[in-house]
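Close look at the chain arrangement
Below are the chains, spelled out letter by letter.
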Amino acid sequence: MTQTTDAAAAAAASEARPEPTRPGRPTRVHRAWWVAAVTFVTIIGAAAFRSLPGILIDPLHQEFGWSRGVIGAAVSVNLALYGLTAPFAAALMDRFGIRRVVAVALMVIALGSGLTVWMNSAWQLILCWGLLVGLGSGSMALAFAATVTNRWFTERRGLVTGVLTAASASGQLIFLPLLSWIVETYDWRPAAVTVALAALAVVPFVWLLLHDHPADVGQKPYGAKEFVPKPAPVPGAARRALTVLFAAVRTGPFWLLAGTFAICGASTNGLIQTHFVPAAHDHGMPITAAASLLAVIGVFDVTGTIASGWFTDRFEPRRLLAVYYALRGVSLLFLPMLLAPSVHPPMIFFIVFYGLDWVATVPPTLALCREHYGEDSAIVFGWVLASHQVGAALVAFLGGVARDRFGSYDVVWIASGALCAAAALMALVIRRRPVPVAALS
């Protein structure tokens, strides 16, 4: 009798104990962190691919005799496509999966960068570095980071988003000194080949580790209490992105947010990232020293972004934007007096300050999009980000034209400082009353 009871109890306990399934078995490190790590490395690479053109302006001008305006045109195409591709890249990820889109994007970047080695005409630079590298890097913009975070994490989303956003600055920090050293020591062609090989080297990690959804490996998103099934492909995502855009352009806050963010892109990616190195070189500073200063911006970029997020939770975003743009404009007005053959303390102060302010505009801009556009805020922010890159593209081109016309960048710094003052005023004009979300449907 006792043996029978013990056997029954053992059988009941066996049935009560859940059978571990191999795909969903918990591991020491959740698969989401591996996906985040691969995403981080990929975005670091994308930052390297976008940072090289600023180093190549002088070498290409000297070898081919192309004007800085022509070279700036290729950079402007690259910057514009980086922003305009992002909303549609997110739609493609919903349709075909993250892994396929990112792998193809990396191969397109490798192709575009590798083909520049054999170019001998300016249109080939625009095609390779402008079109191909622009499309590839645009597919790995903030929309990529947002897609990974939303699918793989329900907890720590803020932390992961901040880290992945900072990856772009980290890539600039890692690759700018290396690429500038290669250009100065050898030639610009080995630097272009380095970028192509770096893009190809990431592809195997993307294909093996960057799974599209936790359900693909039988796991729950990090922090989720229930299993989340993989959603079906969304063929209409691109149409929705356009629908939200057409609705948003009928509201005043969208134009103010897009206008301020366009000036943000003009005064960062378009101006400093593209033209700081050649401008410093005009004043006798070695390319490696100028590129290292630009890389230091990436260090303080991370600190500034985290601090801005903390401020955004506690202060009115409109006023934060106004302060950020006003201070940025004042610093640009002083820059012509700071450029010199060697690095000195006032220049270091400028670099630190500009780094803290570089991406500080993102958290309050995103908060205002969320306040005014509700559930559609992510898509609206994608289009606002596109305006950021369009502004960057225009100044990348016009900055080169101004350097050809006036023989220096002084007028560019002054004009950009005035634009930042206008952005500060535009930020204050954004009204507090949110636009009804129903207006976008």
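Above this text you will find the structure in question.
The sections below set out a description of the structure shown in this document. (Residues numbered from 1 in each chain as written. Predicted model: local features only at pLDDT ≥ 70, side-chain atom pairs only at ≥ 80, totals over all residues. Heavy atoms only, no water.)

1. Some details on the overall build of the protein chain
Within the protein chain, the secondary structure is distributed over 16 helices and zero strands. A buried classification covers 54% of the 441 residues belonging to the protein chain. Look at the contacts in the protein chain between residues 6 or more apart in sequence, and 83% of them connect residues 24 or more apart. (Helix = DSSP H or I, 4+ residues; strand = E, 2+ residues; numbered from the N terminus. Buried < 20%, exposed > 50% of the residue type's maximum accessible area, 1.4 Å probe, protein only. Contact = heavy atoms within 4.5 Å.)

2. Here's the deal with a nonpolar patch on the surface
Together, Leu84, Val390, Leu394, Phe397, Leu398 and Val401 line one region of the surface with nonpolar side chains, adding up to about 460 Å² of accessible area. Sorting elements by how many residues they give to the nonpolar patch places helix H15 (residues 377–406) first, with five residues. (Patch = residues over 30% accessible without salt bridge, like charges linked within 9 Å, V, L, I, M, F, W, Y side chains within 5 Å. Areas by Shrake-Rupley, 256 points an atom, 1.4 Å probe, with all protein chains shown as cover. Salt bridge = Lys/Arg side-chain N within 4 Å of Asp/Glu carboxyl O.)

3. Re the pattern of salt bridges
Throughout the structure, instances matching the rule amount to six salt bridges. Here aspartate 282 makes a salt bridge to arginine 403, at a shortest N to O gap of 2.7 Å. With aspartate 282 in helix H10 (residues 252–282) and arginine 403 in helix H15, this pair connects stretches of sequence that are 121 residues apart. One salt-bridge network, held together by shared partners, links Glu63, Asp187 and Arg189.

4. Topic: the nonpolar core
Most often, soluble globular proteins have nonpolar side chains that are buried together. Formed by 113 residues in total, the largest nonpolar core has its most connected members in Ile272 and Phe276. Broken down by element, this core gets its largest block of residues, 14 residues, from H10. When near neighbours in sequence (up to four residues on either side) are disregarded, isoleucine 272 contacts Ser267, Leu294, Ile297, Leu332, Leu335, Phe350, Tyr354, Trp358 and Trp413. The next biggest cluster of nonpolar side chains, apart from the first, holds six residues, and it includes Leu79, Ala80, Ala392 and Ala393. (Core = buried A, V, L, I, M, F, W, Y, C linked by side-chain atoms within 4.5 Å.)

5. Section: the environment of tryptophan 255
Here tryptophan 255 lies in helix H10. Each C-alpha atom of the pair tryptophan 255 and valine 384 lies 8.7 Å from the other, and the pair is 129 residues apart in sequence. If sequence neighbours within four positions are ignored, tryptophan 255 has contacts with Val249 and Met426. A polar contact is formed between the side chain of tryptophan 255 and the backbone oxygen of valine 249, at a distance of 2.6 Å. (Polar contact = N/O pair within 3.5 Å; in protein donor to acceptor, adjacent residues only side chain to side chain.)

6. Focus on helix H14 (residues 362–373)
An ideal rise of 1.5 Å per residue puts 16 Å on 12 residues; H14 measures up with 16 Å between its terminal C-alpha atoms. The buried fraction of H14 amounts to nine of the 12 residues, a majority that puts the element mostly inside the structure. Within H14, burial applies to Val362, Pro363, Pro364, Thr365, Ala367, Leu368, Cys369, His372 and Tyr373. Once H14 ends, the next one or two residues include glycine 374, with phi positive near 55°. (Expected span 1.5 Å × (residues − 1).)

7. Things to note about the packing of aromatic side chains
Working definition: an aromatic ring pair is given by the centre-to-centre distance plus the angle between the planes. If you walk through the whole model with that rule in mind, you get eight aromatic pairs. Residues phenylalanine 64 and tryptophan 66 carry aromatic rings whose centres are separated by 4.3 Å and whose planes lie at 10° to one another, so their mutual orientation is stacked. Centre to centre, the rings of phenylalanine 311 and phenylalanine 315 are 6.0 Å apart; their planes meet at 55°, and the pair counts as tilted. You can call phenylalanine 315 partly exposed: its relative accessible area is 46%. One aromatic cluster in this structure is built from Phe64, Trp66 and Trp188. Over the ring of tryptophan 207 we find arginine 99, and its NZ or CZ is 4.8 Å from the ring centre. The side chain of arginine 405 reaches across the aromatic face of phenylalanine 406, ending 5.5 Å from its centre. (Phe/Tyr/Trp six-rings, centres within 6.5 Å; stacked < 30°, edge-to-face > 60°. Lys NZ or Arg CZ within 6 Å of the ring centre and 35° of its normal.)

8. Brief notes about helix H3 (residues 68–96)
The end-to-end C-alpha separation of H3 is 39 Å, in line with the 42 Å expected for 29 residues at 1.5 Å each. Roughly 40° is the biggest bend found in H3, and it falls at alanine 86, with proline proline 87 one to four residues downstream. Across the 29 residues that make up H3, a large majority, 21, are buried. (Bend = angle between axes of the 7 residues up to and from the residue.)

9. Here's the deal with the packing of H3 against helix H4 (residues 98–115)
One can describe the packing of H3 onto H4 by two numbers: an axis separation of 7 Å at closest approach and a directional angle of 130°. In terms of orientation, H3 and H4 fall into the oblique class. Together, Leu92, Met93 and Phe96 of H3 and Ile98, Arg100, Val101 and Val102 of H4 make up the contact between the two elements. The residue makeup of the contact of H3 with H4, split by class, is six nonpolar, no polar and one charged. (Axes fitted to C-alpha atoms, helices over the stretch in contact; angles between N-to-C directions. Parallel < 35°, antiparallel > 145°, perpendicular 65-115°, else oblique. Nonpolar A, V, L, I, M, F, W, Y, C, P; charged D, E, K, R; others polar.)

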